[in-house]
Amino acid sequence: MTNDSSLDRLLQGLRAVAEGTRLRILALCAHGELTVSDLVEILGQSQPRVSRHLKLLVEGGLLERQQEGNWAFYRLTERGPVAALARQIVDLIPDDDAEHALDLKRLEEVRAGWAVKAEAYFRHNAADWDRVRTLHVDEAKVDVALRRLIGREPVGELLDIATGTGRVLELLGDKVVGAIGIDRSLDMLKVARANVMRAGLRHCQLRHADMNRLPFQAGRFDVAVLHMALHYVEDPAAALAEAARVLRPGGRLVVVDFDEHQHSELRENHAHRWLGFSEARMARLLEQAGLVAEAPERLPGKPLTVCLWTARRPANDTLTSDGQDGRLRKEVV
Ligand SMILES: C[S@@+](CC[C@H](N)C(=O)[O-])C[C@H]1O[C@@H](n2cnc3c(N)ncnc32)[C@H](O)[C@@H]1O
């Protein structure tokens, strides 16, 4: 029975893609997440027509649709037999095919338009961020430390929680098989999407989500990163527990944030909720989340110190989901 339905799904996928425009759309979506209006602009076809093609590709299981505020983004399906089919079909399309080459050229123009909008938002906030940056150690040093730490083990899937402008995806993209960045700000996601596309990171995706309710099944990721985000969060314990939930047994959580400090102006001027985290507090938070913490790496700055905390879900932790909220429960053995 399962075989039959898999065959049916494959057949439905093949039927859906067996049309010129739909093949072009599939090929375009392999280069990143696109909206209906992006595709209308690239293909030069009417919105109802493009929407209809997209609907068929989604029904055929080749594309996924992700709603973000008023926008819907389309990308290649990630899992299952039709996902492999979609990827293989796309790989068969030669880059020098004249029509495809023209589509890719138009895609570049559309991306350039995104980048302009994203940069306007970034400029608006950049002064604020730059002011905070001057207070701590050179970001390049933090980047080197984070790359070294992540690179210690091979990484399949990485989750960047509160990705902001997608910096961590850009920094670690070459070290992972796949990555997803989530953020609750749609404006930030626009910037991140433009950055990730510009960097050619086709294996990195972005999703609109709250870190307190991650839209992923338990035990999915090899690594989760919380980079300069926990000090904004109302309930760090809840956020860390949720991050731990989506880690596989043996998976690592890396938190990059400030050591405890006294600069209360960061609360008033930059919306920081917490003035960093002391070693003892972070150790407690990680333990409460069911993780085993390693010794943190400290990068002293003037005046703020940045810490990299690593914690691991025990490899022998047998985990299961309770089937309701998807939370991990330890299996009683
Ligand atoms: C200073 S930015 C850091 C971004 C990025 N990790 C980096 O280091 O460049 C903090 C980000 O946290 C996001 N954020 C805050 N609370 C969040 C939540 N509950 N769920 C998801 N994202 C959140 C904000 O939208 C913002 O993009």
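About the criteria used
- Residues numbered from 1 in each chain as written.
- Predicted model: local features only at pLDDT ≥ 70, side-chain atom pairs only at ≥ 80, totals over all residues.
- Heavy atoms only, no water.
- Helix = DSSP H or I, 4+ residues; strand = E, 2+ residues; numbered from the N terminus.
- Rg over C-alpha atoms; globule rule 2.2 N^0.38 Å.
- Contact = heavy atoms within 4.5 Å.
- Areas by Shrake-Rupley, 256 points an atom, 1.4 Å probe, with all protein chains shown as cover.
- Lys, Arg positive; Asp, Glu negative; His and termini not counted.
- Charge placed at Lys NZ, Arg CZ, Asp CG, Glu CD.
- Axes fitted to C-alpha atoms, helices over the stretch in contact; angles between N-to-C directions.
- Parallel < 35°, antiparallel > 145°, perpendicular 65-115°, else oblique.
- Left-handed = near helix turned anticlockwise from the far one by under 90°.
- Nonpolar A, V, L, I, M, F, W, Y, C, P; charged D, E, K, R; others polar.
- Near = heavy atom within 4 Å.
- Polar contact = N/O pair within 3.5 Å; in protein donor to acceptor, adjacent residues only side chain to side chain.

A. Quick look at the overall build of the protein. When its secondary structure is counted, the protein shows twelve helices and twelve strands. Against the compact-globule benchmark of 20 Å for 333 residues, the protein has a radius of gyration of 21 Å, which places it among compact chains. Summarising its shape, the C-alpha atoms of the protein cover approximately 60 × 55 × 35 Å along the three principal directions. Excluding contacts between residues fewer than 6 apart, the proportion of contacts in the protein whose partners are at least 24 apart in sequence is 69%. When the accessible surface of the protein is split by element, carbon and sulfur atoms take 52% of a total near 16400 Å². Distance between charge centres in the protein, computed from 46 positive and 49 negative side chains, equals 1 Å.

B. Summary view of the packing of helix H10 (residues 236-245) against helix H12 (residues 279-288). At a minimum axis separation of 8 Å, H10 and H12 run at an interaxial angle of 45 degrees. In terms of axis orientation, H10 runs oblique to H12. Viewed along their axes, H10 and H12 form a crossing whose handedness is right-handed. Seen from H10, the contacting residues are Pro 236, Ala 237 and Leu 240; seen from H12, they are Arg 281, Met 282, Leu 285, Leu 286 and Gln 288. Residues of the contact of H10 with H12, tallied by class, amount to six nonpolar, one polar and one charged.

C. Looking closely at the site of the ligand. Around the ligand, the surrounding shell holds 14 residues, and the nearest of these are Ala 162, Asp 183, Asp 210, Met 211 and His 227. The contact in question runs from a nitrogen atom of the ligand to an N or O atom on the backbone of Ala 162, over 2.8 Å. A distance of 3.3 Å is found between a nitrogen atom of the ligand and a backbone nitrogen or oxygen belonging to Arg 184. Within the complex, the protein chains bury 88% of what would otherwise be the 600 Å² of accessible surface of the ligand.

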